[in-house]
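# Coordinate inspection notes
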Amino acid sequence: MGAMLNIFDFSFEELSDYFQDELHEPSFRATQVWQWLYQKLCFDFDQMSNLKVATRQTLAQTFSSELPKIKQVRTSSDGTQKLLLELADSKLIETVLIPATDHAGKVRYAQCLSTQVGCPMGCTFCATGALGFERNLTHGEIISQVLAARSFIGDVRPDHPIIKNLVFMGMGEPLLNLDQLLRALKTLNSTHGLAFSPRRITVSTCGIPKALDTLGESGLCYLAVSLHAPNQALRAKIMPKAALFELNDLLANLKHYPLKTREYLTFEYLLLGGVNDSTAHALELAKIVQAMKAKLNLIVYNPTQNAPYKAPSSDDVLKFEKVLWDKKITAIVRQSKGQDIEAACGQLRAKYLEDASAIE
Ligand code: SAH
Ligand code: SF4
């Protein structure tokens, strides 16, 4: 028997075509299979009771429907849960569930997704960057993170989802894996698939020319841009590769990024103690944000192992925030959640690999 195909790597159109062309069955079989997989979280072809038994057998012989294995779960005192997932080739990636309480007092999660094993951008503050780049994730591996997390927390009622929002802020630079990202976004958006509205999905990028335009034209998600410095010189120091796309060019590009009604760009600004958190930096940043239809998230740095940075003092964070508020900019400070569980991007995997090598 040849190598199995992963059912999660098939787009809806591809699976419809497969039924028509290979199995000579009506293409609405794809709708049925997707309902089992993405809405009922049933991954066992034998149980897909509205398919003929022979079809179920063929599917089981042709496709694997295995999800990544959950290798480790860490729960923070603030409720953040971090899952370490093992892919079919035993590479490790991370996905994080960040809790928030909705208006009815119920806990709902935003899930942080990875797009690459490692990352080639090498930002100096980032644990994933320090790991280097191993490979891109496939469509199936990107959406499997959602399926694995939904199965794990028992999020099995599509009419009352517990995971409400998705943010591509895990490991990797999404726009360097553009093809698989776009395919995954389509499946996430699709009413046949996971049915997340584009308003509930945010892709975070350090800014990659051309790919940004393609993502904007797709209209499949919101955009967040990792700025982290208010001028080219400082940005080049802390994100040397990202800064090859000059700040002025990045900003000019974002000026005509297509936004829907009531839609804003989000800038992310990671506050590194004594590096980019002065009043002068805040004033420079205010000018940039004011010139755009944009919101600003300030992220307090979560110290990673062996990194050359420290967290800013809470006084400095307040001062920085006040400068922006005085300029009428809505800046939301996000304390990195899950500090006690190495929840910042790439940290858990780094820790896991270090512990594993310590045991050997
Ligand atoms: N590559 C994309 C998306 C993944 S990184 C990007 O750079 O936007 C997502 C976010 O994780 C970035 O905004 C980055 O600032 C944040 N991050 C990385 N390391 C961090 C750390 N040690 N503490 C807090 N946030 C961190
Ligand atoms: Fe890659 Fe984003 Fe980390 Fe930079 S911050 S190294 S782009 S994952």
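Reading the values: rules and limits
Residues numbered from 1 in each chain as written. Chains lettered and ligands numbered in written order. Predicted model: local features only at pLDDT ≥ 70, side-chain atom pairs only at ≥ 80, totals over all residues. Heavy atoms only, no water. Pairing = 2+ DSSP bridges. Helix = DSSP H or I, 4+ residues; strand = E, 2+ residues; numbered from the N terminus. Near = heavy atom within 4 Å. Areas by Shrake-Rupley, 256 points an atom, 1.4 Å probe, with all protein chains shown as cover. Nonpolar A, V, L, I, M, F, W, Y, C, P; charged D, E, K, R; others polar. Axes fitted to C-alpha atoms, helices over the stretch in contact; angles between N-to-C directions. Contact = heavy atoms within 4.5 Å. Domains from an automatic or database assignment. Buried area = accessible area lost by both parts, 1.4 Å probe. Salt bridge = Lys/Arg side-chain N within 4 Å of Asp/Glu carboxyl O. Polar contact = N/O pair within 3.5 Å; in protein donor to acceptor, adjacent residues only side chain to side chain.

## Examining the pairing of strand S3 (residues 69-75)
Where S3 lies against strand S4 (residues 81-86), six bridges are found, and the strand directions are antiparallel. Paired with Arg-74 across the bridge in S4 is Lys-82. Counted along the chain from S3 to the antiparallel partner S4, the turn is five residues long, and its residue Gly-79 has a positive phi close to 95°.

## Details of the site of ligand 1
Neighbouring ligand 1 are 23 residues; Gly-172, Ser-204, Ser-226, His-228 and Asn-302 lie closest to it. Its free accessible area being 540 Å², ligand 1 has 92% of it covered by the protein chains. Among the elements of the structure, strand S10 (201-205) and strand S12 (265-271) are those that each provide at least two residues to the shell around ligand 1. Of the residues in the shell around ligand 1, the class split is eleven nonpolar, ten polar and two charged.

## Examining the sheet that holds strand S14 (residues 331-335)
Pairing is mixed in the open sheet, where ten strands are placed in the order S3-S4-S5-S6-S9-S10-S11-S12-S13-S14. The sheet is open, and its two edges are formed by S3 and S14, each paired on a single side. Each adjacent strand pair in this sheet contributes to an overall mean axis angle of 25°, direction not counted. Summarising the sheet, strand S6 (residues 107-112) and strand S9 (residues 163-168) pair through four bridges and their orientation is parallel. Residue pairing in the sheet places Tyr-109 in a bridge with Ile-163 of S9. Running over the sheet, helix H6 (residues 178-189) touches S9 and S10 and is turned about 165° from S10.

## Focus: the environment of Thr-214
With respect to the secondary-structure elements, Thr-214 resides in helix H7 (residues 211-218). Spatially, the C-alpha atom of Thr-214 lies 9.9 Å from that of Tyr-257, the residues being 43 residues apart in sequence. Excluding anything up to four places from it in sequence, Thr-214 contacts Leu-178 and Leu-182.

## Notes on the site of ligand 2
Near ligand 2, the surroundings consist of Cys-119, Met-121, Gly-122, Cys-123, Phe-125, Cys-126, Gly-129, Gly-172, Glu-173 and Cys-206. Tallied by class, the residues present in the shell around ligand 2 amount to six nonpolar, three polar and one charged.

## Quick look at the domain arrangement of the chain
As assigned here, the chain comprises domain 1 (5-64) and domain 2 (69-358). Computed over C-alpha atoms, the centres of domain 1 and domain 2 are 33 Å apart. On the domain 2 side, the residues contacting the 14 residues of domain 1 number 19 residues. When domain 1 packs against domain 2, close to 1,300 Å² is buried across both sides, 58% of that on carbon and sulfur atoms. Taken as a group, Tyr-38, Gln-39 and Leu-41 account for 44% of the area that domain 1 buries against domain 2, more than any other trio of residues on that side. Of the charged contacts in the structure, one is a salt bridge between Glu-14 and Arg-183, with a shortest N-O distance of 3.0 Å. Seen at the junction of domain 1 and domain 2, the total is ten residue pairs in polar contact (both at pLDDT 80 or more). Secondary-structure elements contributing two or more residues to the side of domain 1 that touches domain 2 are helix H1 (12-21) and helix H2 (28-39). The element contributing the most residues to the side of domain 1 that touches domain 2 is H2, with six residues. Tallied by class, residues from the side of domain 1 that touches domain 2 come to eight nonpolar, four polar and two charged.

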